[in-house]
Amino acid sequence: MKAAFQKLLIANRGEIAVRIIRAAKELGLRTVAVYSDADANSLHVQLADEAVRLGPAHASKSYLDVEAMLRAARESGAQAVHPGYGFLSENADFAERVEGAGLVFVGPTPHAIRTMGNKAAARAAAMKADVPTVPGSDGVVESGAAAVALARDIGYPIMIKASAGGGGRGIRVAHDDAELRQQFETATAEAQAAFGSGEVYLERFVHRARHIEVQILGDGRNVVHCFERECSLQRRRQKVWEEAPSAAIDEATRAALCESALRLARAVEYRGAGTLEYLYDDATREFFFIEMNTRIQVEHPITEMITGIDLVKEMLCIALGHPLRLRQEDIRLNGAAIEVRINAENAAKNFMPSPGTVTRLQVPGGPGVRFDSMLFQGYTIPAYYDSLLGKLIVHDSTRAGAIARMRRALGELKVDGVHTTIPLHLALCDDPEVRKASYHTAFLEGWLAAKPLAPAPQLEAA
């Protein structure tokens, strides 16, 4: 791997591209943005030192086009590529092509991406490293009949999961043999269509599970953890509200959880930022490794708020060839942080997407408040990509203080011209169960069914 670089291409768009550009500039690096026709006037294009057009609006012809991305790097003279999250970020072939072109890939090795990015392979690696895993198949399950035989040993209900899946997709739950046979065929077909691989594996379904993840940083030799985040408030397995640290676990569990993450990261000689995801069983106080995200996460800012560590900057320093600058004993957990995802969606109408033009933007401020976004007044939100507009992040000395600060900041945040998920987050701030941290991964969908949100006020014509 090339040891140093001066010019970085950000192979992404939106708020994460803006976030990476800012960190790179603080390190004195020149930045190259890439854009589709739909993003020609986007904030990341405006902030970068230079920008290169990839192609038409559709992601398959722009942000997912490996040849176009490599051509942009070549034309701009970039010496390194940061993939952000989503798109090509966990594509081992892309990482291999980047390194094969003599460029630095800001992230793990292609081998680590292949090992940990494939859920079945990651599960096998975890078992080898003596990291607890949910009872399930040892690897890929080849047929419905084999799935039924395994499920009878593991016990129902059982989850069928796409090996190449991500973002909560490619998952089905079966409660008996007949349902498993049916769901197995559906799951493999969906996995093939969504990820280009029909491989699936099985896991026991953990009732009322919490989703807890551990942030790690490594340089290929040394690795540290930056404590855990809880991401249990989800809709359709998409995270909505995230916290750090988890209010559900005690210090002994936290220590064991984080140490297990370090064992697995060391086992694959991990380089860069990564997140190991776990299910936590409130009833038994057990935790089970489920997968690893071999990239920076959407919710990384809450870890930054409780540790004071700039994770993106550390990723870049590692890619520049520097040894890990952090020692475990120097990383302290300070207070509590919450992040909510502000999406262009109408939560009162089944989260219908709401693209359009932002006619007014008012960003909250004050102590412990951060808004990571690509928005500006007059920005037209494209209909081609994920609906995430930005993330509102708050920090305080206590979780109760963080919730109060979040409620205040949400009240200040104004994104006029489109519907957003701000009303949902305001309602969650006031919910007694949320305030007590008494929730699990199925909580929010039940909450939404029982407490439908009131329709948002009619938007004024732009």
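Owing to the predicted nature of the structure, the values given are computational and were not obtained by experimental measurement.

Notes on the overall build of the protein chain
Okay, step 1: Each helix and strand counted, the protein chain has 15 helices and 22 strands in total.
Okay, step 2: The C-alpha atoms of the protein chain give a radius of gyration of 21 Å, which matches the 23 Å a tight globule of 462 residues would have.
Okay, step 3: For the protein chain, with 462 residues in total, the buried portion stands at 58%.
Okay, step 4: Pairs at least 24 residues apart make up 67% of the contacts formed inside the protein chain by residues separated by at least 6 positions.
Okay, step 5: A total accessible area of about 18300 Å² is found for the protein chain, and carbon and sulfur atoms account for 50% of it.
Okay, step 6: Within the protein chain, one finds 53 positive and 57 negative side-chain charges whose respective centroids are separated by 3 Å.

Brief notes about the sheet that holds strand β8 (residues 200-204)
Okay, step 1: Pairing in this open sheet of 3 strands is antiparallel, and the strands run β7-β6-β8 from one edge to the other. On the outer flanks of this sheet lie β7 (171-174) and β8, each paired with one strand and no other. Going from strand to strand, the sheet's axes swing by 25° on average, the running direction of each strand aside.
Okay, step 2: Bridging between strand β6 (residues 158-162) and β7 involves 4 bridges; their strand directions are antiparallel. Bridge assignment links Met159 to a residue of β7, and that residue is Val173.
Okay, step 3: Strands β6 and β8 of the sheet are contacted by helix α7 (residues 144-154), whose axis makes an angle of about 20° with β8.

Regarding the environment of Lys119
Okay, step 1: In this fold, Lys119 is placed in helix α6 (residues 119-128).
Okay, step 2: Judged by relative accessible area, Lys119 falls into the buried class, the value being 4%.
Okay, step 3: When the C-alpha atoms of Lys119 and Asn293 are compared, they prove to be 9.8 Å apart, with 174 residues separating the residues in sequence.

Some words on the pairing of strand β21 (residues 388-396)
Okay, step 1: For β21, the buried fraction is high: 9 of the 9 residues fall into the buried class.
Okay, step 2: Where strand β19 (residues 369-373) lies against β21, 5 bridges are found, and the strand directions are antiparallel. Paired with Ser373 across the strands is Gly390, a residue of β21.

With respect to α6
Counting along an α-helix, one turn takes 3.6 residues, and residues three or four places apart therefore face a common direction.
Okay, step 1: Those residues of α6 not exposed but buried are Lys119, Ala120, Ala122, Arg123, Ala125 and Ala126.
Okay, step 2: Looking at the packing, one finds that the buried side of α6 touches α5 (110-117), β6, β8, α9 (251-267) and β13 (286-293).
Okay, step 3: Put simply, Asn118 is the residue that caps the front of α6, since its side-chain oxygen is 3.0 Å from the backbone nitrogen of Ala121.
Okay, step 4: One or two residues past the end of α6 sits Asp130, with phi positive at roughly 65°.

Thoughts on the pattern of salt bridges
Okay, step 1: If you walk through the whole model with that rule in mind, you get 42 salt bridges.
Okay, step 2: Note that Glu242 is salt-bridged to Arg341, the shortest N-O span being 2.7 Å. With Glu242 in strand β11 (residues 238-244) and Arg341 in strand β14 (residues 336-343), this residue pair connects regions lying 99 residues apart in the sequence. Of the two residues, Glu242 and Arg341, both sit in the buried class.
Okay, step 3: For Lys451, the salt bridge is made with Asp431, and the minimal N-O distance between the two is 2.8 Å. Remark: Asp431 occurs in the loop between α13 (422-430) and α14 (432-435) and Lys451 occurs in the segment after α15 (443-450); sequence separation between them is 20 residues.
Okay, step 4: The exposure class of Lys451 is partly exposed, given its relative accessible area of 42%.

Comments concerning the sheet that holds β13
Okay, step 1: Strand order in the open sheet made by the 8 strands is β13-β12-β9-β10-β11-β14-β21-β19, with antiparallel pairing throughout. This sheet does not close on itself; its edge strands, each paired only once, are β13 and β19. Averaged over all adjacent pairs, the angle separating strand axes in this sheet is 25°, with direction ignored.
Okay, step 2: Examined bridge by bridge, β11 and β14 share 4 bridges and lie antiparallel to one another. Residue pairing for β14: Ala244 is matched across the bridge by Ala337.
Okay, step 3: Relative to the sheet, helix α11 (residues 311-319) contacts β9 (209-219), β10 (223-235) and β12 (271-281), its axis offset from that of β9 by approximately 40°.

Observations concerning helix α10 (residues 300-307)
Okay, step 1: For α10, the tally of buried residues reaches 8 of 8 residues, placing the bulk of the element in the interior.
Okay, step 2: All of the buried residues along α10 are His300, Pro301, Ile302, Thr303, Glu304, Met305, Ile306 and Thr307.
Okay, step 3: Backbone geometry just after α10 places Gly308 at a positive phi near 75°.

Definitions and cut-offs
- Residues numbered from 1 in each chain as written.
- Predicted model: local features only at pLDDT ≥ 70, side-chain atom pairs only at ≥ 80, totals over all residues.
- Heavy atoms only, no water.
- Helix = DSSP H or I, 4+ residues; strand = E, 2+ residues; numbered from the N terminus.
- Rg over C-alpha atoms; globule rule 2.2 N^0.38 Å.
- Buried < 20%, exposed > 50% of the residue type's maximum accessible area, 1.4 Å probe, protein only.
- Contact = heavy atoms within 4.5 Å.
- Areas by Shrake-Rupley, 256 points an atom, 1.4 Å probe, with all protein chains shown as cover.
- Lys, Arg positive; Asp, Glu negative; His and termini not counted.
- Charge placed at Lys NZ, Arg CZ, Asp CG, Glu CD.
- Pairing = 2+ DSSP bridges.
- Axes fitted to C-alpha atoms, helices over the stretch in contact; angles between N-to-C directions.
- Polar contact = N/O pair within 3.5 Å; in protein donor to acceptor, adjacent residues only side chain to side chain.
- Salt bridge = Lys/Arg side-chain N within 4 Å of Asp/Glu carboxyl O.

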